[in-house]
Amino acid sequence: MGKEQKKMALGATSFVFLFILTCLYAALFTSNLTPFESWKQKLSDWRGIHNKKADRTIEINESVKLLLRRLVRGEDRIKLDTTGFSCHTDLHSELCLVNKPVRIDNSGLTIYVPSSQSYVNRTLKPYANRDDGTAMSRVSPVKIVNGDVNAPACRITHDAPAVVFSSGGFTGNVFHEINEVIIPLFITTRHFRSRLKFLITDYKPWWVSKYSKVLTHLSHYEAINPAANGSAVHCFPGAVIGLVYHGKLALNATDIPGGYSAFDFKHFLRESYNLKIKNVSEIKREKPILILISRKKSRVVSNENEIVVMMEELGFEVVVTRPNRMSNLNKFAALVNSCSVLVGAHGAGLTNQVFLPDGAVMVQVVPLGLEWASTNYYGAPTKEMGVQYLEYKIEPEESSLMQTYGRDHPVITDPASVFAKGYYAARAVYIDAQNLKINVKRFKETVVQAKELIGRSSPLN
């Protein structure tokens, strides 16, 4: 029995061997090519594939150049085209572009830009709030070495350009996160159509997790944390160091590659967070949802319960939202997208207007001394995002500062004189030390007006 099995196994092996020989013969001798010519043809085919890869690399680099040059104009663009390296600085931000291969050494956050020109060493903090010393003290500097220097050898090579920016600064405050990182990131990178890689300095895992939906919709690749592999040298076909900034929650469409507007940014967020409601008219509810942002440290509304009762009597389903609820942005974005009216005292929570459906209404309660900041930080952007906007400016009697300083004190009668002492002096009074007790009867008029505005066509609808 054992001998028969061995014979069968030997027979099967022989059959397989003959089959392979037949296939080889067919491959080598059934054409007009000799075996030598056949192998020569295969070598030629391999070289063709290799050359195609080389051509593809050239094509990628040319594409990178075109995309990068759209971020600058005038002399900055000319310099980028002629030297391959250009930087632009304004009051709020600093941006450097490289349209040729670069090497980024994670160990010292050093970017090597090869050039035949004389050695130039430049330091940049890639965060869009450079006029604020406190914010920038929390941002790590990036060194750019441009010139004929011996750069370290590549360890990891990428076929997409790098975008280097910081998640330091004032992150932890939703206004600063959206204003100084997310919107500038959208402005700078949207036209790349996700064909780039983010290298995030001052890498905060919680921040990357919080905004993961935004990051993955702007880049096909996982974000790089320099601190995770500090000895690695990454090589890219080009780079953007820093982000473009246009102002408080602002997007100037005429200055953005692709002409993206604030309205387009809202559409991008709806897509990123899979938000279902585009226009408030799509909300079919017996009672419209009103979200009231509740504050617990400063600008606290002491009679919040009375305000809620008044709103409910007007026919709203009131959702009181506190900071801990806003920390899960994925869920909170969906909640805001389902509401018709967003109400809150001047503060970072109003930044969530970016998730409101078109035609919704935002009501900002304006504390004493904060008229300019309220209008310019949160009021003006609503018009560009298809949101209706109302302000409720409190009277001195509604501010706790009245009890602290008295009616005739300059804090009450002349806020400009306090701001003349500097931002931080004014902040200590009007932002950090002021609470509110709203006149319910007077505020009711504003809430009624908000209800009447729901769904009315906005300038961009």
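Details of the structure are given in the entry above.
Residues numbered from 1 in each chain as written. Predicted model: local features only at pLDDT ≥ 70, side-chain atom pairs only at ≥ 80, totals over all residues. Heavy atoms only, no water.

## A short note on the nonpolar core
Point 1. Phe 165, Phe 198, Trp 207, Phe 265, Tyr 273, Ile 291 and Phe 355 are the most contacted members of the largest nonpolar core, which has 70 residues in total.
Point 2. Counting residues in each nonpolar core, the second largest holds 35 residues, with Val 301, Tyr 430, Leu 436 and Ala 450 among its members. (Core = buried A, V, L, I, M, F, W, Y, C linked by side-chain atoms within 4.5 Å. Buried < 20%, exposed > 50% of the residue type's maximum accessible area, 1.4 Å probe, protein only.)

## Quick notes on the sheet that holds strand S16 (residues 388-393)
The strands making up a sheet associate through backbone hydrogen bonding, with each pair oriented either parallel or antiparallel.
Point 1. Reading across from one edge, S13-S12-S14-S15-S16 is the order of the five strands in this open sheet, with parallel pairing throughout. Both edges of this open sheet fall to strand S13 (317-321) and S16, since each of them pairs with a single strand only. For this sheet, the mean angle separating the axes of adjacent strands, direction not counted, is 20 degrees.
Point 2. Here strand S12 (residues 289-293) runs beside strand S14 (residues 341-345); their pairing, made up of three bridges, is parallel. In the sheet register, Leu 292 faces S14, and the bridge partner there is Val 343.
Point 3. Lying on the sheet, helix H12 (residues 371-384) is in contact with strand S15 (361-366) and S16; it crosses S15 at an angle near 175 degrees.
Point 4. With respect to the sheet, helix H17 (residues 440-453) is in contact with S14, S15 and S16, its orientation differing from that of S16 by roughly 175 degrees. (Pairing = 2+ DSSP bridges. Helix = DSSP H or I, 4+ residues; strand = E, 2+ residues; numbered from the N terminus. Axes fitted to C-alpha atoms, helices over the stretch in contact; angles between N-to-C directions. Contact = heavy atoms within 4.5 Å.)

## A few points about the packing of helix H5 (residues 174-189) against helix H8 (residues 262-272)
Point 1. As a packed pair, H5 and H8 sit with axes 11 Å apart at the nearest point and diverge in direction by 105 degrees. Accordingly, the angle class assigned to the pair H5 and H8 is roughly perpendicular. Along the contact surface, H5 presents Ile 182, Ile 183 and Phe 186, while H8 presents Asp 264, Phe 265 and Phe 268.
Point 2. The class makeup of the residues in the contact of H5 with H8 is five nonpolar, no polar and one charged. (Parallel < 35°, antiparallel > 145°, perpendicular 65-115°, else oblique. Nonpolar A, V, L, I, M, F, W, Y, C, P; charged D, E, K, R; others polar.)

## Examining the packing of helix H9 (residues 304-313) against H17
Point 1. It is at 10 Å that the axes of H9 and H17 come closest, and there the two elements cross at 45 degrees. By the angle between their directions, the pair H9 and H17 is classed as oblique. Classified by chirality, the crossing of H17 by H9 is right-handed. Along its contact with H9, which presents Glu 306, Ile 307, Met 310 and Met 311, the element H17 presents Val 440, Phe 443, Lys 444 and Val 447.
Point 2. For the contact of H9 with H17, the per-class residue count stands at six nonpolar, no polar and two charged. (Left-handed = near helix turned anticlockwise from the far one by under 90°.)

## A closer look at the side chain of Thr 201
Point 1. Mapped onto the secondary structure, Thr 201 falls in strand S9 (residues 197-201).
Point 2. In this structure Thr 201 touches Leu 109, Pro 126, Val 142, Val 164, Phe 165, Ser 166 and Ser 167, once residues within four positions along its chain are discounted.

## Here we look at the state of the cysteines
Point 1. Per the stated rule, a full pass over the model turns up two disulfides.
Point 2. Here Cys 87 connects covalently by a disulfide to Cys 96, the sulfurs 1.9 Å from one another. Taking the sign of the S-S torsion, about 110 degrees here, the bridge from Cys 87 to Cys 96 comes out right-handed.
Point 3. For Cys 87, a relative accessible area of 17% gives the class buried.
Point 4. The partner cysteine of Cys 154 in its disulfide is Cys 235, sulfur to sulfur 1.7 Å. (Disulfide = S-S within 2.5 Å.)

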